[in-house]
Amino acid sequence: MGRAVGTGSAVGAGRAVGTGSAVGAGGTGLRGQVRTRDGWAVQHAVVTMTDMSGTQVLRQDADENGSVRTDAALAPGPYTVVVTAVGYAPVASTALVTASGRAEVGTVVLARQGGVELPPPGAWSLDPAHSAVSAVAQHLGISSVRGRFTEFGGRIEIAAGAAGTGNAGGTGSTGGTGSTGGAYGVEASRVDAVINAASIDTGNALRDKHLKSPDFLDVERFPEITYSSTGLTPAGPDRWTVHGQLSLHGVVREVNLDLSYLGTGPDPWGGVRAAFRATTELHREDFAMNYNQVVQAGISAIGTTLRVELDIQAVQGESLPSV
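Just so we're clear, the structure is a prediction, and the values are computed from it rather than from any experiment.

Rules behind the numbers
- Residues numbered from 1 in each chain as written.
- Predicted model: local features only at pLDDT ≥ 70, side-chain atom pairs only at ≥ 80, totals over all residues.
- Heavy atoms only, no water.
- Helix = DSSP H or I, 4+ residues; strand = E, 2+ residues; numbered from the N terminus.
- Buried < 20%, exposed > 50% of the residue type's maximum accessible area, 1.4 Å probe, protein only.
- Contact = heavy atoms within 4.5 Å.
- Salt bridge = Lys/Arg side-chain N within 4 Å of Asp/Glu carboxyl O.
- Pairing = 2+ DSSP bridges.
- Axes fitted to C-alpha atoms, helices over the stretch in contact; angles between N-to-C directions.
- 1 Å grid on protein atoms, 1.4 Å probe; cavity = no way out; pocket = protein on both sides within 12 Å on 5 of 7 lines; lining within 4 Å.
- Points joined across faces, edges and corners; volume = space filled by probe spheres on them.
- Nonpolar A, V, L, I, M, F, W, Y, C, P; charged D, E, K, R; others polar.
- Core = buried A, V, L, I, M, F, W, Y, C linked by side-chain atoms within 4.5 Å.

1. Focus: the overall build of the protein chain
1) Next: Within the protein chain, the secondary structure is distributed over one helix and 21 strands.
2) Next: Per-residue burial for the protein chain yields a buried fraction of 46% across its 323 residues.
3) Next: Of the contacts formed within the protein chain by residues at least 6 apart in sequence, a portion of 66% connects residues at least 24 apart.

Laid out in structure tokens, this is it:
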């Protein structure tokens, strides 16, 4: 039974995970899996194998499940295995083929070039039941008041080529295609969201009534708050800047969101979910909400700066599942 010994050094940010013994009895050749950090298959990965003289002895593309399998017997000895894919940092590891003529490289995890990640491409629907849209304002200059909107919805569209695709650990097909070069499609990804302004809830009915009045949100005239993205820029590992337009209180302004992608995984209802956290700061006067009560010199009852915090779960697909 052949066995791959050690994973060697990784080139870039990816890594080879485990190289245990060959699975099953018999068989020759190379076996392995190529995945993203979240477990998605990298369908377009290419695996090459060279001997210690640097001569290439094998080149194999991963299949639609990210699996690599060859059947030709390999000569016993140590080899270098390199896994590459467009848009990902390459990974190198060492495999040892014994007398059986077979090597196992286990699961090789590829990281996005530059450390930036996104979920698999396609439509993702915001799940209000497992998300939160909150805003925090200073109160009396000494503490904070937190409010949240309880009614909202939205859609995220990850452009084709923006992330690895395939099957995620038995959660089903992602319905996307392989990655392309360049900025791998992120500039075409979109976010659109709508919030029911009257759903503001600060835990105080009197305060909520005032916030819904013409002094602040004026929900009778402006019942919806909307956000539409216009672009997406990498800002670091798993972080992005979302550029977009916010419509609030009848005023439309450019607003950037600091977005962190938290990962992807299966849910109990047979779906796939992606999680995000985003923050930004808004100034009330930018949206013609100028009301304030000064309680003493230089101190306002309600601060003019709002910190907006978004904790979002999105379900893969055009609609939410019925549960």
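What follows continues from the structure just given.
2. Structural notes on the environment of Arg284
1) Next: Inspection of the secondary structure puts Arg284 in the loop between strand 18 (272-283) and strand 19 (294-296).
2) Next: What makes Arg284 buried here is its relative accessible area of 4%.
3) Next: Residues Arg284 and Thr304, spaced 20 residues apart in sequence, show a C-alpha to C-alpha distance of 5.4 Å.

3. Some thoughts on the pattern of salt bridges
1) Next: Counted under the stated rule, the structure contains 15 salt bridges.
2) Next: Here Arg155 ties to Glu157 by a salt bridge, and the two come within 2.8 Å at their closest N and O atoms.
3) Next: For Arg155, a relative accessible area of 31% puts it in the partly exposed group.
4) Next: Two residues, Glu318 and Arg155, come together in a salt bridge whose shortest N-O distance is 2.9 Å. Of this pair, Glu318 sits in the segment after strand 21 (302-316) while Arg155 sits in strand 12 (residues 152-158), and the two are 163 residues apart along the sequence.
5) Next: By relative accessible area, Glu318 is classed as exposed at 58%.
6) Next: Residues joined in a network through salt bridges with shared partners are Arg146, Arg277, Arg307, Glu309 and Asp311.

4. Describing the sheet that holds strand 4 (residues 56-61)
1) Next: A sheet is described by the order of its strands in space; here four strands give the open sequence 4-3-6-7, paired in antiparallel fashion. At either margin of the open sheet sits one strand with a lone partner, and together these are strand 4 and strand 7 (91-97). Shown here is a sheet whose adjacent strand axes are inclined to one another by a mean of 20°, direction ignored.
2) Next: Pairing between strand 3 (residues 46-51) and strand 6 (residues 77-84): six bridges, direction antiparallel. When the sheet's bridge partners are listed, Val47 is paired in strand 6 with Val83.

5. Overview of empty space enclosed by the protein
1) Next: Applying the stated criterion across every chain yields a total of two cavities of 30 Å³ or more.
2) Next: Approximately 30 Å³ is the volume attributed to the second largest cavity.
3) Next: Along the walls of the second largest cavity sit Arg31, Gly32, Gln33, Val34, Val47, Val68, Val83, Val105 and Val108, which together make up its complete lining.
4) Next: Contributing elements (two or more residues each) for the lining of the second largest cavity: strand 2 (29-36) and strand 8 (102-110).
5) Next: Ranked by residues supplied to the lining of the second largest cavity, first place goes to strand 2 with four residues.
6) Next: Among the residues making up the lining of the second largest cavity, the classes are represented as six nonpolar, two polar and one charged.

6. Quick look at the pairing of strand 12
1) Next: Pairing of strand 9 (residues 122-126) with strand 12, which is carried by four bridges, proceeds in the antiparallel orientation. The partner of Ala123 across the bridge, within strand 12, is Glu157.

7. Some remarks on the nonpolar core
1) Next: The biggest cluster of nonpolar side chains holds 40 residues, and the ones touching the most others in it are Leu217, Ile225, Leu246, Leu248, Phe276 and Leu282.
2) Next: Listed by contribution, the elements that provide at least two residues to this core are strand 9, strand 10 (132-139), strand 12, strand 15 (224-236), strand 16 (239-248), strand 17 (251-266), strand 18 and strand 21.
3) Next: Ignoring sequence-local partners within four residues, the contact set of Leu246 consists of Ile225, Thr226, Tyr227, Val251, Val252, Arg253, Val255, Leu282 and Phe287.
4) Next: Ala62, Tyr79, Ala103 and Val108 belong to the second largest nonpolar core, which has 22 residues in total.

8. Examining the pairing of strand 3
1) Next: Burial of strand 3 is extensive: five of the six residues sit out of reach of the surface.
2) Next: As paired strands, strand 3 and strand 4 are joined by five bridges and run antiparallel to one another. Directly across from Thr48, in strand 4, lies its bridge partner Arg59.
3) Next: Linking strand 3 to strand 4, which pair antiparallel, is a turn of four residues; within it Gly54 sits at a positive phi near 90°.

Keep in mind these values describe shape, not function.
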